[in-house]
Amino acid sequence: MDLFTSLVPQDKLHKNYLQILRVSQQVDRAELQRWCNGFPDRDNKFVKEFQTTFNSSFWEIYLHALFCEIGLDMDWSHSSPDFIVEVNNERIVIEATIAAAAIGKTPEWEKDINKGVPTRFKEMNVESIIRLSNSIVSKHRKYKESYSKLEHVKSLPFVLAVAPFEQPHFNNQYDTPIMALLYDYYVDEDAYNDSPHLYPNGPPGISLGSVEKENGAEIEMGFFQDNSFSEISAILLSTTATWGKVEAMSGNVDLKRFITSVWWSDAEGKPVHQTSALQEHKENIRDGLLVFHNPYADRPLDPDIFKHGGVVQVFNDPNTGKITYQRNGDCLMHRQALNLVTDELSNKVSGN
């Protein structure tokens, strides 16, 4: 599958796609093409969708590369849902979706880097909660009305893979919005930043109960705190499965690239910040992946399937409400790639 031979006029191409056609990104494009090895275009429109809508197709490519990396066999004999995987004689259905910007809101690709990173997080996190909720509810409905009736889906665990691309700086949220949405546990960074002396152990975790949409409708938190979403076995999510991961893994020596990242350190028991040249930065496809298990699932997901280095799994005890994390070594929380290129390399666009 050739991702980079453009199939539509330039004015129809997505801004993110145009950005990665720069001459300086040739090695990076080859890395993404590698992620695609063995990924079939089942409906003969995937490449066009990648070039014109980008994010949802990119997320599917990432998931394919991830499943290959952790040894999941993929069955492509059915047109939907997106993935049917098998490991240790267990089959799982995985549907991919993204949280996109609301109509009229600033899309993620219009981020103004001159404004810097936000220092207040509540508004950004609530927007993410709302958009994630819309995506999860929509796919949950799709499962109940359609997928659950398919013979190749019945009786199998159903996993939803969600990527948040809903606003500029979405990559800074990590797990804060999804933890609030699924388990009603919200880490209040604003409260800590306002009065750090009140919280010697770091930002407090609080219950939001609900959040309000602009139209006044309320979204109740705690999707995984009762059996309302029992059809969903678990949710996969990553805020680091972005083009920055391609840049971090490609080994592109055609330009000067620096990586700033935040890793949860098991040894130190806290996040650790790192800045390094690309050649010194070590990152793989698994780093940054989060798996949120539903304690009320009709068909629970076997945690051993995703028990790999770099993957964080989250569990909630339905009796005590206690949340536990399974980490396998240091875990990527944030990453940003900074490219220092010549005008000639950065401005020219590949003819592919």
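What counts, and where the lines are drawn
- Residues numbered from 1 in each chain as written.
- Predicted model: local features only at pLDDT ≥ 70, side-chain atom pairs only at ≥ 80, totals over all residues.
- Heavy atoms only, no water.
- Helix = DSSP H or I, 4+ residues; strand = E, 2+ residues; numbered from the N terminus.
- Expected span 1.5 Å × (residues − 1).
- Buried < 20%, exposed > 50% of the residue type's maximum accessible area, 1.4 Å probe, protein only.
- Salt bridge = Lys/Arg side-chain N within 4 Å of Asp/Glu carboxyl O.
- Core = buried A, V, L, I, M, F, W, Y, C linked by side-chain atoms within 4.5 Å.
- Disulfide = S-S within 2.5 Å.
- Contact = heavy atoms within 4.5 Å.

Concerning helix α4 (residues 55-69)
Working step 1: Between its first and last C-alpha atoms α4 spans 21 Å; for 15 residues at 1.5 Å apiece the expected length is 21 Å, and the two agree.
Working step 2: Among the 15 residues that make up α4, twelve are buried, leaving the element largely enclosed by the rest of the structure.
Working step 3: Considered for burial, the residues of α4 that qualify are Asn 55, Ser 57, Phe 58, Trp 59, Glu 60, Ile 61, Tyr 62, Leu 63, His 64, Ala 65, Leu 66 and Phe 67.
Working step 4: Just past α4, the residue Gly 71 takes up positive phi, approximately 85°.

Digging into the pattern of salt bridges
Working step 1: A complete count under the given rule lists 13 salt bridges for this structure.
Working step 2: Here Lys 45 and Glu 49 are joined by a salt bridge, their closest N and O atoms 4.0 Å apart.
Working step 3: Take Lys 45: its relative accessible area is 41%, and that puts it in the partly exposed class.
Working step 4: For Glu 49, a relative accessible area of 32% gives the class partly exposed.
Working step 5: Residue Asp 75 pairs with Arg 91 through a salt bridge whose shortest N-O separation is 2.9 Å. Linking Asp 75 in the loop between β1 (73-74) and β2 (83-87) with Arg 91 in strand β3 (residues 90-99), this pair joins segments that are 16 residues apart in sequence.
Working step 6: Exposure remark for Arg 91: the relative accessible area of 27% places this residue in the partly exposed category.
Working step 7: The structure contains a network of salt bridges with shared partners spanning Asp 28, Glu 247 and Arg 257.

Side note on the environment of Ser 56
Working step 1: Its place among the elements puts Ser 56 in helix α4.
Working step 2: A relative accessible area of 31% means that Ser 56 is categorised as partly exposed.
Working step 3: For the pair Ser 56 and Pro 271, spaced 215 residues apart in the sequence, the C-alpha separation amounts to 29 Å.

Re the nonpolar core
Working step 1: By size, the foremost hydrophobic cluster in this structure holds 49 residues, and its most contacted members are Leu 32, Phe 67 and Phe 306.
Working step 2: Looking at which element gives the most residues to this core, the answer is α4, with eight residues.
Working step 3: Formed by 40 residues, the second largest nonpolar core is a distinct cluster that contains Val 126, Leu 160, Tyr 183 and Val 211.

Observations regarding the state of the cysteines
Simply put, disulfide is the name for a covalent bond between the sulfur atoms of two cysteines.
Working step 1: Across all of its chains, the model carries zero disulfides by this definition.
Working step 2: Among the cysteines around Cys 36, which has no disulfide bond, Cys 68 carries the closest sulfur, lying 10 Å off.

As for the side chain of Ser 233
Working step 1: Assignment of secondary structure puts Ser 233 in the loop between β8 (218-220) and β9 (234-237).
Working step 2: Apart from residues lying up to four places away in sequence, Ser 233 is in contact with Pro 157, Phe 158, Val 159, His 293, Asn 294, Ala 297, Arg 299, Pro 300 and Leu 301.

Focus on the environment of Val 8
Working step 1: Mapped onto the elements of the fold, Val 8 is located in the segment before α1 (15-19).
Working step 2: Accessibility expressed as a relative area gives 16% for Val 8, which makes it buried.
Working step 3: Measuring from C-alpha to C-alpha, the distance between Val 8 and Lys 48 comes to 7.5 Å, with 40 residues separating the pair along the chain.
Working step 4: The residues touching Val 8, leaving out its near neighbours within four places in the chain, are Leu 13, Lys 48, Gln 51 and Thr 52.

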